Every structure is written in structure tokens, then in C-alpha cells.
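Observations on the model geometry
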Amino acid sequence: MPGKILIVDDEREIADVIGLYLKNENFEAVKCYNGKDALAAVEDEKPDLAILDVMLPDIDGFTILQKIRETHTFPVIMLTAKTEYMDKINGLTLGADDYIEKPFNPLELIARVKAQLRRYTKYNDGGKPQEDIIDFGGLLMNRSTHECTFNERELTLTPIEFDILWILCENRGQVISSEQLFEQVWHEKYYKQSNNTVMVHIRHLREKMGGPMGKTEFIKTVWGVGYKVEK
């Protein structure tokens, strides 16, 4: 995983701390303290990921992000002291992959760097068929490696749970009946009591995705029909 990370922040102490933590994880850190140098580094250094501060002395981070997205697809994590909700929306709309506010825990930032690089590498690996990857709504599933993350949190799923979630996501926007799920996952004929089996596994999935109380709207129940996830 280690690669080259571009750090853009006019607060040198912050850039130095980020660089130190990255180097401890065997990443190569390239530091810039203004927007002009950052844009040059994007072309000269060819980073694998950028950590980009919004407030810079010459060019704001949103403008730099727009310039990056004209020709590059590598992940960009926005770094800012601002807490306004619209700033986060603007960054994500312009193509940012993640957003973290100052003050921050350096270990959390490094974890997010690794998560974004994992996602980018898997999504752009030309050797893997695109149909083996599902990536939407905070969910990333890789069928060839049986890996699954939801909102950057790794989920440990049984093969049955993985298959159920895959089928629902592959058919997102459509209602899938318990009968369809059972016959596609278990490869057995559906009987009335089979519905309880499906319900138990759906409950376990919701618990893993949403916490102890299973509070997640990702998998929706369409009463009397089946289950679905939204597009």
C-alpha cells in the first residue's frame, strides 16, 4: 500500500506532523505550503493521494481540488478548521473523497488515508473484473476477496450474509422477495418457514452495519413484499 502522499497546508507544524506519521507508515510525504507549489507538485510528483487544506494564502483548496479533478482521479482528503456544513458539501461535490476537521487525531487521518488508497486501488485494478466490485452509498464490496466495508468500517460477514447483501445491492432500487433471496443464496426450494431464516440473516446484517440496535436505513423492508436497498 505505501505510496506518495501530497500534503498541502500553510501551517508548517501541521504539515510536518502529518508527514512524520506518514513516514512512520512507510509513505513518502511531499509537503507544500501554498496552492501554487501544490499544483506544480501534482504534475511533477504524481502523488497517489493528496491531503488538501481549504484555507491557503494564495489559492483556496476548493480551486485546487477543481484543478486536480480536471485531469486526475487519485483520492483527495480535504483538511480544514471550518465546520460549516456547506463547506463539506462543496468539497464532496467538487470531487473530494473525504473530509476531516481540525483539530484532528493524526492516527485517524492515517487510517483514512489507508482506507482511501485501498478503495482506489481496488476500484482501479485493471486485473479485476469491474463486476466483482460494488461501491456506492458508503458500501464497498469485493466479491473476489470477500472484503466488505461500510462507511470506512470493515464488516466481518459470513458467506451467507455477504451473498444476501451482494444480491440486494446488485439489484438496488428493486424489491427482492424472501423467496428470491432464499433460492439464490441457499440454492434450495423455498418453503414458508424459510422466511424466518432470511429474516434472521437480514437482522444480523443490519446489526453489523448499524450497531447493536441495527439502526440503519441501508436495507429497507417492503412489508409483505421483501427487501431492497435504494439506488
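We now turn to the structure provided with this report. Note that the coordinates shown come from a computational prediction; the quantities given were computed from them, not determined experimentally.

Calculation criteria
Counting of residues starts from 1 at the beginning of each chain's written sequence and follows it residue by residue. Per-residue local features of the predicted model are confined to residues with pLDDT of at least 70, and side-chain atom pairs are confined, for both listing and counting, to 80 or more; whole-chain, interface and lining totals are unaffected and use all residues. Side-chain calculation: all heavy atoms of the structure are included, whereas hydrogens and water are not. Here, nonpolar core refers to any group of buried Ala, Val, Leu, Ile, Met, Phe, Trp, Tyr and Cys residues whose side-chain atoms link them within 4.5 Å. In this scheme, a residue with accessible area under 20% of its type's maximum is buried, one over 50% is exposed, and one in between is partly exposed, where area comes from a 1.4 Å probe on protein chains only. Strands here mean DSSP runs of E at least two residues long; helices mean DSSP runs of H or I at least four residues long; both are numbered from the N terminus. We call two residues contacting when some pair of their heavy atoms lies within 4.5 Å. Note that the arc is defined by the directions from the helix axis to the C-beta atoms. For helices, the fitted line uses only the C-alpha atoms of the stretch in contact; every axis is such a line through C-alpha atoms, and the angle between N-to-C directions lies from 0 to 180 degrees. An angle below 35 degrees is read as roughly parallel, one above 145 as roughly antiparallel, one from 65 to 115 as roughly perpendicular, and any other as oblique. Left-handed describes a crossing whose near helix is turned anticlockwise from the far helix by less than a right angle; the clockwise case is right-handed. Lys, Arg, Asp and Glu make up the charged group, whereas Ala, Val, Leu, Ile, Met, Phe, Trp, Tyr, Cys and Pro make up the nonpolar group; the residues left over, Gly among them, are polar. Salt bridge, as applied in this entry: a Lys or Arg side-chain nitrogen positioned within 4 Å of an Asp or Glu carboxyl oxygen. Space inside and on the surface of the protein is sampled on a 1 Å grid over the protein atoms alone, with a cavity defined as a set of points where a 1.4 Å probe fits but cannot get out and a pocket as an open set with protein on both sides within 12 Å along at least 5 of 7 lines; lining residues have an atom within 4 Å of a point. Grid points are joined across faces, edges and corners, and a volume is the space filled by probe spheres set on the points. The criterion for strand pairing is that DSSP finds at least two bridges linking the strands in question.

This part takes up the nonpolar core. Judged by nonpolar contacts, the single largest core of 28 residues is most densely connected at L139, M141, L165, L168, C169, F218 and I219. Of the residues forming this core, the biggest block, seven residues, is contributed by helix α6 (residues 159-170). Leave out the neighbours within four places in its chain, and M141 touches D132, I133, I134, E147, C148, F162, L165, W166 and C169. V42, V54, V76 and A96 belong to the second-largest nonpolar core, a separate cluster that totals 20 residues.

This part is about helix α7 (residues 178-186). Of the positions making up α7, those classed as buried are S178, L181, F182, V185 and W186. One side of α7 carries all its buried residues, which in axial view fall inside an arc of 95 degrees.

Between α6 and α7, the shortest axis-to-axis distance is 10 Å and the interhelical angle comes to 125 degrees. With respect to each other, α6 and α7 are oriented oblique. In terms of crossing hand, the pair formed by α6 and α7 is right-handed. For the pair formed by α6 and α7, the contact residues are I160, D163, I164, I167 and L168 on the first element and L181, Q184, V185 and W186 on the second. When the residues that make up the contact of α6 with α7 are grouped by side-chain class, the tally is seven nonpolar, one polar and one charged.

Under the criterion given, the structure shown has 13 salt bridges. When the shortest N-O distance is used, the salt bridge between K4 and E45 registers 3.2 Å. On the criterion of sequence distance, the pair formed by K4 in strand β1 (residues 4-8) and E45 in helix α2 (residues 35-45) is long-range, its members being 41 residues apart. Residue K4 is classed as buried on the basis of its relative accessible area, which comes to 17%. A salt bridge links R143 to D132; the nearest nitrogen and oxygen atoms lie 3.6 Å apart. Separated by 11 residues along the polypeptide, R143 in the loop between β7 (139-142) and β8 (147-150) and D132 in the loop between α5 (106-124) and β6 (133-136) bring together distant segments of the chain. By relative accessible area, which is 38% here, R143 ends up partly exposed. Among the ionic contacts, a cluster of salt bridges with common partners joins D9, E11, D53 and K102.

On to the layout of surface pockets, then. Volume-wise, the largest pocket comes out at about 280 Å³. Taken together, 16 residues form the lining of the largest pocket, with S178, N195, M199, T221 and Y227 sitting closest to its centre. Elements that contribute at least two residues to the lining of the largest pocket include exactly α7, α8 (194-210), β10 (220-222) and β11 (226-228). No other element matches α8, which puts five residues into the lining of the largest pocket. Partitioned by chemical class, the residues of the lining of the largest pocket number seven nonpolar, six polar and three charged.

A few words now on the sheet that holds strand β3 (residues 49-53). Taken together, five strands build an open sheet; the order of strands is β2-β1-β3-β4-β5 and the sheet is parallel. Of all the strands in the sheet, just β2 (28-32) and β5 (98-101) have a single pairing partner and so form its edges. Strand-to-strand, the axes of this sheet are offset by a mean angle of 20 degrees, without reference to chain direction. For strand β4 (residues 76-80) and β5, the ladder comprises four bridges, and the chain directions are parallel. By the bridge assignment for β5, I77 is matched with D98. Against the sheet, α2 makes contact with β1 and β2, and its axis sits at roughly 170 degrees relative to β1, the strand it touches most. Each of β3 and β4 is contacted by helix α3 (residues 61-71), which is oriented at about 175 degrees to β4, the strand it contacts most.

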